[in-house]
Amino acid sequence: MSKNININVHHVTRVEGHGNIVVNAKNGKIEKVQWQVPEAPRFFEAMVRGRSYEDIQVIVSRICGICSITHSFAATKAVEAALGITVSEQADAIRRLLHYSEQLQSHVLHIGYLAAPDFFAAPSVVPLVAKAPDAVKTIIRAHRVANAWSDLIGGRTTHPVTIKPGGFTKIPTEKEFRQLQETLKETLKDLGTIAGVILSVAGNIPNFQRDTEYVSLKQTNPSAYTFYHGDIVSNDSKGKTTPIKDWHKVTNEYVVAQSTAKWAKWHRDAYAVGALARFNNNAELLTDGAKKVAKMFSLEKGCCNPFMNTVAQLAEAVHVVETSIQMIDELLTKGLKTEKVKTSPKAGKGSGCVEAPRGILFHEYEFDKKGNCVAADICIPTNQNHANIQKDFEKFVPEIIDQGEDAVRLKMEMLVRSYDPCVSCSTHMLDVQFIK
Amino acid sequence: MCSLLNKSPARDIIVLGIGNPLMADEGIGCRIIECFLAQAEKYPSVDFVDAGTGGMSVLHLIANRKKAIVIDCAYMEMEPGAIKKFQPEEIKTVKKLAHLSLHETDITKVINLAKMFGQYPKQLIIFGIEPEIIEPQPALSDTLNAKINDYLAAIAEELTI
């Protein structure tokens, strides 16, 4: 095997930035290992300045086509904190149901379209169709249900239109909730099938360990495996939680030469967010079905193999579906009420936080007395993972360097994909040539 | 879309606007949908959907339709503001994907996936519109803005089976 390696996975298209992977090794000695990230959606912070508190969600939902519901909720919670707006118990429950739909959408997409091709040694989902057609069909069916679920509550599959400060403009009927519940019971079976398929190729999940700080939300009183409520916790914070309003003390964003996206660190020089972080901080609160999935893959609390993030997503997919089936019962037992929401502008500053499928997300806004935004600050989960990906690279590459350039490149790409990053989602145009 | 949950049966035709209205001409698809939604009563058999940057959601939205029309900003080596109607078979994509993230999408690949699973609509038409400006700004360029009515007229001709 050659002792010289030059990897430069450089992806910069005309306007969509991507992460770049760089490795140089000479005579078996590693000279450079870098995760370079040439973009961040910071311009959205400038775009909301001067806009009414009622418009913020509509704008920031466009930050991302996969996490549009999550950005909507982080923003709406921040607006509500700033203006002192309260949300009813019913609206809170329906919001969590909508948020769960996005977790399912995104997790199924990541497991099926990005991670499974790696585990099946297929270059992408298209060739995977030939290798495992039934598995892909099941994944598509589960993804379709998740999309329809988002559409039902959010009024649109992507970029929801029913969310507003204080509640919703429209909610589904009792009949629609019951239909959703019945559909989700079928989806649970599909998720079992998907878990079985992934288990059959789990031997291809690299066994890489690096002691890592994991940061996520934690909800107490009542305790719950949370994506929406709670305070910030890490496995280094000795059980102590940090209130959302103090999120800057957690992220400590800083600039590095190799990236235009900001990086983050808390107790150590890097930390990880996402499904594995949530699992490591809250695993005992998962539903029974989700715990069963984790057990199938021997995923246990304290796992520090980043490749297992995909398995944690699988467990979470089961968790959100099981929890939602139960929540719909509770919601309908209480009876759906028509709620009118009225808010008025005032000056204030507030922070909002929810878990995106790929990790904890922070939004913060300040408003003048007319309710117009004067300052905004957003910290996305992928930025919080960049430093951790770099630290993983630094430990991982020496462990695999003898496997040769192609294997090193593939495994580094797999590692990045396991974080389920958001590096290019504000534009989606076509780039085509006509066949002559 | 919601036919899966029996909210309402899917209509025969769907028009999808793809893009981001906060990235100047990248939002042309969404803007066209907004214009059609304002006159949706004229088209009872058509669903108009702003699909934003949802990517794979397109796969589900076009499934089992008699006709799907996709409107997207497209680099086609034409004059800014030019509109061109084509079918997927007439083009090859030159978009480079890193395959590192779910967040990059090439709609032509999503369309191919629909074909592989027999969920391709009976007819699929793409309207590509050549951008002038792609950068963070919440408005179209003057060039594209001046041609909105031309775009609507061209697309309206396709809103029948």
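Up top you'll find the structure we're talking about.
Residues numbered from 1 in each chain as written. Chains lettered and ligands numbered in written order. Predicted model: local features only at pLDDT ≥ 70, side-chain atom pairs only at ≥ 80, totals over all residues. Heavy atoms only, no water.

Chemist: I would appreciate a short explanation of the overall build of chain B in the present structure.
Modeler: Helices and strands together make up the secondary structure of chain B, namely 5 helices and 6 strands. In chain B, the succession of α and β elements from N to C terminus is β-α-β-α-β-β-β-α-β-α-α. Across the 161 residues in chain B, those meeting the buried criterion constitute 60%. A separation threshold of at least 6 residues defines the contact pool for chain B, and within that pool the share at least 24 residues apart is 79%. Carbon and sulfur atoms form 48% of the exposed surface of chain B, whose accessible area is close to 6,300 Å². (Helix = DSSP H or I, 4+ residues; strand = E, 2+ residues; numbered from the N terminus. Buried < 20%, exposed > 50% of the residue type's maximum accessible area, 1.4 Å probe, protein only. Contact = heavy atoms within 4.5 Å. Areas by Shrake-Rupley, 256 points an atom, 1.4 Å probe, with all protein chains shown as cover.)

Chemist: What exactly am I supposed to notice about the overall build of chain A here?
Modeler: Per the secondary structure count, chain A includes 13 helices and 13 strands. In chain A, buried positions account for 63% of the 436 residues. For chain A, long-range pairs separated by at least 24 residues make up 70% of all intrachain contacts whose partners lie at least 6 apart in sequence. When the accessible surface of chain A is summed, it comes to about 16,300 Å², and 51% of that surface belongs to carbon and sulfur atoms.

Chemist: Would you explain the packing of aromatic side chains in this entry?
Modeler: To describe a pair of aromatic rings, one takes the distance between the centres and the angle between the planes. Residues and elements named next belong to chain A. Taken as a whole and assessed by the stated rule, the structure comprises 11 aromatic pairs over all chains. Considering the side-chain rings of Tyr 225 and Phe 227, the 5.7 Å spacing of their centres and the 55 degrees angle between planes classify their relative orientation as tilted. Since its relative accessible area comes to 3%, Tyr 225 is described here as buried. Under the relative-accessibility criterion, Phe 227 is labelled buried at 2%. (Phe/Tyr/Trp six-rings, centres within 6.5 Å; stacked < 30°, edge-to-face > 60°.)

Chemist: Please clarify how the nonpolar core should be interpreted in this entry.
Modeler: Side chains of a nonpolar character, in soluble globular proteins, are inclined to be buried together. Core analysis: the biggest nonpolar cluster contains 152 residues, and Tyr 365 of chain A together with Leu 16 of chain B have the highest contact counts within it. The dominant element in this core, judged by the number of residues it contributes, is helix H4 (residues 89–119) of chain A, at 14 residues. The contact partners of Leu 16 of chain B, leaving out residues within four places of it in the chain, are Ile 33, Val 49, Ala 51, Val 58, Leu 61, Ile 62, Ile 69, Val 70 and Ile 71 of chain B. Listed in part, the 26 residues of the second largest apolar core include Met 23, Ile 33, Leu 140 and Ile 148 of chain B. (Core = buried A, V, L, I, M, F, W, Y, C linked by side-chain atoms within 4.5 Å.)

Chemist: Help me understand the packing of H4 of chain A against helix H11 (residues 309–334) of chain A in this model?
Modeler: A pair of packed helices is characterised by two quantities: the angle between their axes and the separation of those axes. All names here are of chain A. Interaxial distance between H4 and H11 falls to 9 Å at its minimum, and their mutual angle equals 155 degrees. As summarised for this structure, H4 and H11 are arranged roughly antiparallel, according to the angle between their axes. For H4 against H11, the interelement crossing comes out left-handed. Of the residues belonging to the contact of H4 with H11, the class tally is 15 nonpolar, 8 polar and 4 charged. (Axes fitted to C-alpha atoms, helices over the stretch in contact; angles between N-to-C directions. Parallel < 35°, antiparallel > 145°, perpendicular 65-115°, else oblique. Left-handed = near helix turned anticlockwise from the far one by under 90°. Nonpolar A, V, L, I, M, F, W, Y, C, P; charged D, E, K, R; others polar.)

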